[in-house]
Amino acid sequence: MPFSLRSVRRLAVAQNVQVLKCAVRAMASDVTLLEVMECKISEEQERIKKFRKEHGEFKMGEVTINMMYGGMRGINALITETSVLDPEEGIRFRGLSIPECQEQLPAAENGCEPLPEGLFWLMMTGDVPTKGQVQQLSCEWADRGKLPDHVTKMLKNMPKTLHPMSQFAAAITALNHDSKFAKAYSKGVHKTKYWLYCYEDCMDLIAKLPLVAAAIYRNLYREGKGPDKVDSKLDWSANLTKMLTYDDPQFTELMRLYLTIHSDHEGGNVSAHTTHLVGSALSDPYLSFAAGMLGLAGPLHGLANQEVLIWVQKLQKETGKEPSEKQLQDYIWKTLKSGQVVPGYGHAVLRKTDPRYTCQREFAQKHLPDDPLFKLVSQLYKVVPPILTELGKVKNPWPNVDAHSGVLLQYYGMKEMNYYTVLFGVSRALGVLASLIWDRALGLPIERPKSFSTEALIKKATGGKKGKDIKKK
C-alpha cells in the first residue's frame, strides 16, 4: 500500500483536500505509478517549499581548497532523493539497505532476488510496492518496449570495432527523436508540467534499454541472431536475459540482483551527476542519460569491473589457478610498487566493504561455491585489505562492487568483458532517471557552481599575495 493511514491522517490535519483525495485513491489496488507520483510530487513540493523558507540559510559546512582540487569530494552540494551513501553503513535506497531490499521487495515467481521494477517504484515513491504493483510496472514497460526502426538499423550498421558503450550512448541519443519532453517544451508547456513529460520519456527509455543492450550484444557476439522482441509475460530482467540469448534461470536471477544493486549510488558519482547536470539545462531525458553513460564508460567508473578481471587473469597467468597466499601477496606488492592500484578495492566515499560486493559474494557462495575464479576472489578478499592497510595511504582497503561482478558474469558464460559496462548502464538508468523526474518535479534550476583560478585562490588564501610570491619549499 503506497500511502499509509498515518500519512493520510497527516494530510487530513493539513487540510490539503486535493492531496488527501489522491492518497485515498492511491490505496486502490489498480493504482498506477503515475497516479501515485502525482500525489507524491504535490505533497513533496509543499514540504520542501516550507523547509527552504524556514531553513534555507542553514550552513552545511565549509569548502576547503583541497576539496576544490580533489574532485569536490566531501562537498555537500547536491540533492538526491533516491538513495544516500553512508561511509560506514553503505547504500540505502529510500532508507532501505540492500539486505532489507532483498527481504522486502517483491521477487519473481520461484525467485529469491528482488525485481528491479520494485526498486524503481521504491526510489520513485519512497514506498515498498506490492507484488501487483510490480507486475503492473513490468507489463507497462513491456508495452512501451519497442525500438524505432531507425535505431535498429543504426545499431546493425555500427562497426564491430566500435566499443559497446559508444553504441549504447549513440542509440540512446537517437531515441530522443521521439522525446515527449522535447516536443512539449517546444510547444511552451508550463514548467509545472515538466516532470510529467520527463516521466513519460523516462518510462519509455527504461522500457527500451533491454532491447538496445541486447541488440548490441547480438550484433557483436551472436551474428545478429536471437529474440528481438519483448515478451509481455516476462519481467524486465527476464526479457533482457532472453534477448541476450541466455536461458539459465540462475543467470536471470543474477541479472535481477545485478540490475537492482547497480541502479543508484547517490548523486555525486559521475554517471548520476552528469545525468543531473545535463538535465538541469532542460535537455530531454534521452540526451541527459546518454551523457551519463559516456561518463560511466570511463575506466575510473563503470569500466572498473573489466579492469578487475584483466588484472585477475594476469595474476592467474603468473601464479597459477590456485596460488598460495605468499604468491598473492608478492603479486599485489608488485602491482603497487609499479605505481598501479589494485582494481576493485577502495571507494571515494565508503570506509567498509561495499554491501553490493557482499550480496554478490553471498550469491556466489550459494550458486557457485567451487568456481576457481570465485575462490581466487575470496582469497584476495583476505589478502588485499591488510596489505593496503600496511601501505598507509588508502582510506578504504576493502573491496567495492566491481571486485566481484565480473566473476559472476564469467561463470554463466558471458565472457565478453567489453560489454559488462552496458549492463551497468541498463541498471543505472533506474536510479538516475528516477532522480531526473524528481529534479523536474521540484523545479531544480540549471547547475552553475562558481569557479576560481589558482591565482585567485592564492590571493584569497594568503590575504592578497600574488601567485609569484608563493615560493616552492
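Residues numbered from 1 in each chain as written. Predicted model: local features only at pLDDT ≥ 70, side-chain atom pairs only at ≥ 80, totals over all residues. Heavy atoms only, no water.

### With respect to the environment of Val341
Right, on to step 1. One can find Val341 in the loop between α17 (325-337) and α18 (355-367).
Right, on to step 2. Sequence separation between Val341 and Gly132 is 209 residues; the distance between their C-alpha atoms is 46 Å. (Helix = DSSP H or I, 4+ residues; strand = E, 2+ residues; numbered from the N terminus.)

### Some remarks on the packing of α18 against helix α20 (residues 402-411)
Right, on to step 1. For the pair α18 and α20, the least separation of the axes is 8 Å and the interaxial angle reads 30 degrees. Viewed along their axes, α18 and α20 adopt a mutual orientation that is roughly parallel. Judged by the twist between their axes, the crossing of α18 over α20 is left-handed. Residue-level contacts link Tyr357, Gln360, Arg361, Phe363, Ala364 and His367 of α18 to Ala403, His404, Ser405, Leu408 and Tyr411 of α20.
Right, on to step 2. The class makeup of the residues in the contact of α18 with α20 is 6 nonpolar, 4 polar and 1 charged. (Axes fitted to C-alpha atoms, helices over the stretch in contact; angles between N-to-C directions. Parallel < 35°, antiparallel > 145°, perpendicular 65-115°, else oblique. Left-handed = near helix turned anticlockwise from the far one by under 90°. Contact = heavy atoms within 4.5 Å. Nonpolar A, V, L, I, M, F, W, Y, C, P; charged D, E, K, R; others polar.)

### Things to note about the sheet that holds strand β3 (residues 96-97)
Right, on to step 1. The sheet built from 3 strands is open, its strands ordered β1-β2-β3 with antiparallel pairing. The two strands at the open ends of the sheet, each matched to only one other strand, are β1 (83-86) and β3.
Right, on to step 2. Where strand β2 (residues 90-93) and β3 come together, 2 bridges link them in antiparallel fashion. Its bridge partner being in β3, Phe93 is matched across the sheet by Leu96. (Pairing = 2+ DSSP bridges.)

### Focus on the nonpolar core
Right, on to step 1. Within the largest apolar cluster, 115 residues are counted, with the highest numbers of intra-cluster contacts made by Phe120, Phe168, Phe289 and Met414.
Right, on to step 2. In terms of residues, this core owes the most to one element, helix α11 (residues 194-221), which gives 18 residues.
Right, on to step 3. Among residues more than four places away in sequence, those in contact with Phe168 are Leu209, Val212, Ala213, Ile216, Phe289, Met293, Val422, Gly425 and Val426. (Core = buried A, V, L, I, M, F, W, Y, C linked by side-chain atoms within 4.5 Å. Buried < 20%, exposed > 50% of the residue type's maximum accessible area, 1.4 Å probe, protein only.)

### Some words on the environment of Ala304
Right, on to step 1. Here Ala304 is to be found in helix α16 (residues 304-319).
Right, on to step 2. Under the relative-accessibility criterion, Ala304 is labelled buried at 15%.
Right, on to step 3. As for Ala304 and Pro99, which are separated by 205 residues in sequence, their C-alpha atoms are 24 Å apart.
Right, on to step 4. What Ala304 contacts, discounting residues up to four positions off in sequence, is Pro299 and Asp402.

### Observations concerning a nonpolar patch on the surface
Right, on to step 1. Among the surface-exposed residues, Val63, Ile65, Met68, Tyr69 and Phe452 lie close enough to one another that they form a single nonpolar patch of about 450 Å² accessible area.
Right, on to step 2. Tracing the backbone through its elements, the reader meets Met68 in helix α4 (residues 65-69).
Right, on to step 3. Classification of Met68 by relative accessible area gives partly exposed; the value is 33%. (Patch = residues over 30% accessible without salt bridge, like charges linked within 9 Å, V, L, I, M, F, W, Y side chains within 5 Å. Areas by Shrake-Rupley, 256 points an atom, 1.4 Å probe, with all protein chains shown as cover. Salt bridge = Lys/Arg side-chain N within 4 Å of Asp/Glu carboxyl O.)

### Examining the packing of helix α14 (residues 270-280) against helix α21 (residues 420-441)
Right, on to step 1. Running from amino to carboxyl end, α14 crosses α21 at an angle of 35 degrees, the nearest separation of the two axes being 10 Å. For the pair α14 and α21, the crossing hand works out as right-handed. For the pair α14 and α21, contact is made by Ser271, Ala272, Thr275, His276, Gly279 and Ser280 and by Arg428, Val432, Leu436, Asp439 and Arg440, respectively.
Right, on to step 2. Along the lines of polarity and charge, the residues of the contact of α14 with α21 split into 3 nonpolar, 5 polar and 3 charged.

### Notes on the UniProt feature "active site" (unreviewed entry) in the protein chain
Right, on to step 1. As recorded in UniProt, the sites labelled "active site" (unreviewed entry) are His301, His347 and Asp402. Taken together, the annotated residues stretch across 102 residues yet fold into one region, lying no more than 10.7 Å apart by C-alpha.
Right, on to step 2. Its place among the elements puts His347 in the loop between α17 and α18.
Right, on to step 3. In contact with His347, other than residues within four places in its own chain, are Leu85, His265, Arg356, Asn396 and Asn400.
Right, on to step 4. Locating Asp402 in the fold gives a position in helix α20.
Right, on to step 5. Those residues in contact with Asp402 that lie beyond four places of it in its chain are His301, Ala304, Asn305, Val308 and Phe424. (UniProt positions renumbered as here; feature names shortened; annotations may be inferred.)

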